[in-house]
Amino acid sequence: MHTIDLSGKAAVVTGSGRGLGLAYARALAAHGASVVVNDIDEAVAEQAVKSITGAGGTAVAEVAAVGTAEAADRLVNRAVAAFGRLDVLVTNAGILRDKVLWKMTDDDFDAVLTTHLRGTFTCARAAAVRMREQGGGGTLILVGSPAGQRGNFGQTNYAAAKAGIAAMARTWSMELARAGITVNAIVPVAATAMTETIPVFAPYIEAMRNGGALPGFLRKGEGFGTPEDCAALVPFLASEAARDVTGQCIGIGGDRVTLWSHPREIRAAYAEGGWRPEALAEAWPTSVGAEPETVGIPAPRIPEA
């Protein structure tokens with residue numbers, strides 16, 4: 001049995017005042033890491049720090065809106081000032097501005113891309129610079145979403161950002177390998193403020209908050225559970241037990257952990273001398289287009305009463 005001990009390591013978790021981010025920060029602290037908690041609300045950040053220190057962990061707060069290079073530098077500098085180093089970065093901060101394509105404004109699009117995609121980029125860049133300077137490797141854990149793997153209705157901005165995050169994890173895993181820095185994207189599924197708005201999940205989440213347990217068909221079949229279920233992946237990836245795990249998209253939720261495939265060519269057809277539009281029209285239904293890929297997040301399978 002592996003022992004996950006992060007003593008002596010320092011971590012930054014963006015967007016960790018509540019929800020999944022707070023669960024990640026608590027899990028890191030519970031396994032010995034010192035944590036910088038980040039939120040845009042000072043009171044929320046300080047309360048999160050108190051919940052960690054009250055449980056015997058070590059944490060400090062840094063209030064900043066993730067997205068700019070300045071905010072990223074502040075987070076990294078806070079870790080170095082408080083703990084002397086930075087070993088782990090978890091890029092969890094995010095917002096939603098859901099609308100269908102023809103109703104989505106430039107501001108809706110830009111706000112989500114700034115926080116999720118640019119925020120991941122700027123924070124990861126600042127962390128990578130610090131980790132390479134101090135030596136000894138490090139861990140970048142980027143937070144993705146099923147929407148980024150499969151698309152999701154009404155989430156052009158969010159799905160695009162999360163797809164980009166998966167691509168950045170693969171790219172950075174190659175670029176940072178020589179420095180001993182691992183980079184992975186996690187794909188969590190949990191009962192949060194966002195998922196409780198999904199009608200089929202709402203009654204089960206409400207029952208859970210009233211002391212009930214999520215049923216097995218959700219925890220196992222859908223891989224849907226609590227933020228704490230998802231948090232287990234973060235200390236593992238930050239530990240020596242995961243030194244060889246990099247460039248992966250790893251799903252977790254409820255009782256299930258999964259490995260997402262990378263996009264790849266799955267079918268091919270050939271035409272001597274190249275393809276003409278007419279030849280494509282004739283060949284498509286019986287060759288590469290015979291079994292089109294599905295899109296969107298599959299609807300939950302709810303057992304009949």
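Residues numbered from 1 in each chain as written. Predicted model: local features only at pLDDT ≥ 70, side-chain atom pairs only at ≥ 80, totals over all residues. Heavy atoms only, no water.

1. What about the overall build of the chain?
Within the chain one finds 11 helices and eight strands. Here the C-alpha atoms of the chain give a radius of gyration of 21 Å, agreeing with the 19 Å that 2.2 N^0.38 yields for 305 residues. Principal axes of the C-alpha set define a box for the chain whose edges measure 65 × 50 × 45 Å. Split into buried and exposed, the 305 residues of the chain put 46% on the buried side. If you take every contact in the chain between residues at least 6 apart in sequence, the share linking residues at least 24 apart comes to 69%. Distance between charge centroids for the chain: 3 Å, based on 27 positive and 31 negative side chains. (Helix = DSSP H or I, 4+ residues; strand = E, 2+ residues; numbered from the N terminus. Rg over C-alpha atoms; globule rule 2.2 N^0.38 Å. Buried < 20%, exposed > 50% of the residue type's maximum accessible area, 1.4 Å probe, protein only. Contact = heavy atoms within 4.5 Å. Lys, Arg positive; Asp, Glu negative; His and termini not counted. Charge placed at Lys NZ, Arg CZ, Asp CG, Glu CD.)

2. Some details on the environment of Arg 78
Structurally, Arg 78 is set in helix H3 (residues 69–83). Here the alpha-carbon distance between Arg 78 and Val 12, two residues 66 residues apart in the chain, equals 8.9 Å. Aside from chain neighbours lying at most four places away, what touches Arg 78 is Val 36, Val 60, Ala 61 and Glu 62. Here the side chain of Arg 78 touches Ala 61 through a polar contact of 3.1 Å, landing on its backbone oxygen. (Polar contact = N/O pair within 3.5 Å; in protein donor to acceptor, adjacent residues only side chain to side chain.)

3. Focus: the sheet that holds strand S5 (residues 138–143)
Pairing is mixed across the open sheet formed by eight strands, whose spatial order is S3-S2-S1-S4-S5-S6-S7-S8. The sheet is open, and its two edges are formed by strand S3 (58–63) and strand S8 (256–259), each paired on a single side. Across the sheet, the mean angle separating the axes of adjacent strands is 20° when strand polarity is ignored. Looking at chain direction, strand S2 (residues 34–39) and S3 are connected through six bridges and run parallel. Across the sheet, residue Asn 38 finds its bridge partner in S3, namely Glu 62. (Pairing = 2+ DSSP bridges. Axes fitted to C-alpha atoms, helices over the stretch in contact; angles between N-to-C directions.)

4. Quick look at the pattern of salt bridges
Here the structure, examined in full by the defined rule, presents nine salt bridges. Here Arg 219 and Asp 255 are joined by a salt bridge, their closest N and O atoms 2.8 Å apart. Pair noted here: Arg 219 is in helix H8 (residues 216–221) and Asp 255 is in the loop between strand S7 (249–253) and S8, with a separation of 36 residues, a long-range link. Using a relative accessible area of 18% as the deciding quantity, one classes Arg 219 as buried. Judged by relative accessible area, Asp 255 falls into the partly exposed class, the value being 42%. (Salt bridge = Lys/Arg side-chain N within 4 Å of Asp/Glu carboxyl O.)

5. Points about helix H1 (residues 19–30)
With 12 residues, H1 ought to run about 16 Å at 1.5 Å a step, and its terminal C-alpha atoms sit 17 Å apart, in line with that. Leu 20, Gly 21, Leu 22, Ala 23, Tyr 24, Ala 25, Ala 27, Leu 28 and Ala 29 are the residues of H1 that are buried. Directly beyond the C-terminal end of H1, a positive phi value near 105° is found at Gly 32. (Expected span 1.5 Å × (residues − 1).)

6. What to know about the pairing of strand S1 (residues 10–13)
Where burial is concerned, the two faces of S1 agree: the one with Ala 10 and Val 12 and the one with Ala 11 and Val 13 are both buried. Where S1 lies against S2, four bridges are found, and the strand directions are parallel. Following the sheet pairing, Val 13 is matched in S2 by Val 37. The handedness of the S1 to S2 crossover, carried by H1, is right-handed. (Right-handed = clockwise from strand over helix to strand, strands pointing away.)

7. Thoughts on the environment of Gly 296
Tracing the chain through its elements places Gly 296 in the segment after helix H11 (277–283). Exposure remark for Gly 296: the relative accessible area of 17% places this residue in the buried category. Spatially, the C-alpha atom of Gly 296 lies 33 Å from that of Arg 243, the residues being 53 residues apart in sequence.

8. A closer look at helix H4 (residues 106–134)
Helix length check: H4 (29 residues) gives 40 Å between terminal C-alpha atoms against 42 Å at 1.5 Å per residue, within 8%. At Thr 114, H4 is bent by approximately 40°, the largest bend along its length. (Bend = angle between axes of the 7 residues up to and from the residue.)

9. Quick notes on the packing of aromatic side chains
Within this structure, the stated rule accounts for one aromatic pair. Considering the side-chain rings of Tyr 204 and Phe 217, the 5.5 Å spacing of their centres and the 80° angle between planes classify their relative orientation as edge-to-face. Here Tyr 204 is found in helix H7 (residues 202–209), whereas its partner Phe 217 is found in helix H8, with 13 residues between them in sequence. On the accessibility criterion, Phe 217 (23% relative accessible area) is partly exposed. (Phe/Tyr/Trp six-rings, centres within 6.5 Å; stacked < 30°, edge-to-face > 60°.)

10. A closer look at the nonpolar core
Tyr 24, Leu 28, Val 37, Val 90 and Ile 186 are the most contacted members of the largest nonpolar core, which totals 35 residues. Top contributing element to this core by residue count: H1, with eight residues. In contact with Ile 186, other than residues within four places in its own chain, are Tyr 24, Ile 141, Leu 142, Val 143, Gly 144, Ser 145, Leu 233, Val 234, Leu 237 and Ile 250. In terms of nonpolar packing, the next biggest core, distinct from the first, is built from 29 residues, Val 36, Leu 75, Ala 166 and Ala 185 among them. (Core = buried A, V, L, I, M, F, W, Y, C linked by side-chain atoms within 4.5 Å.)

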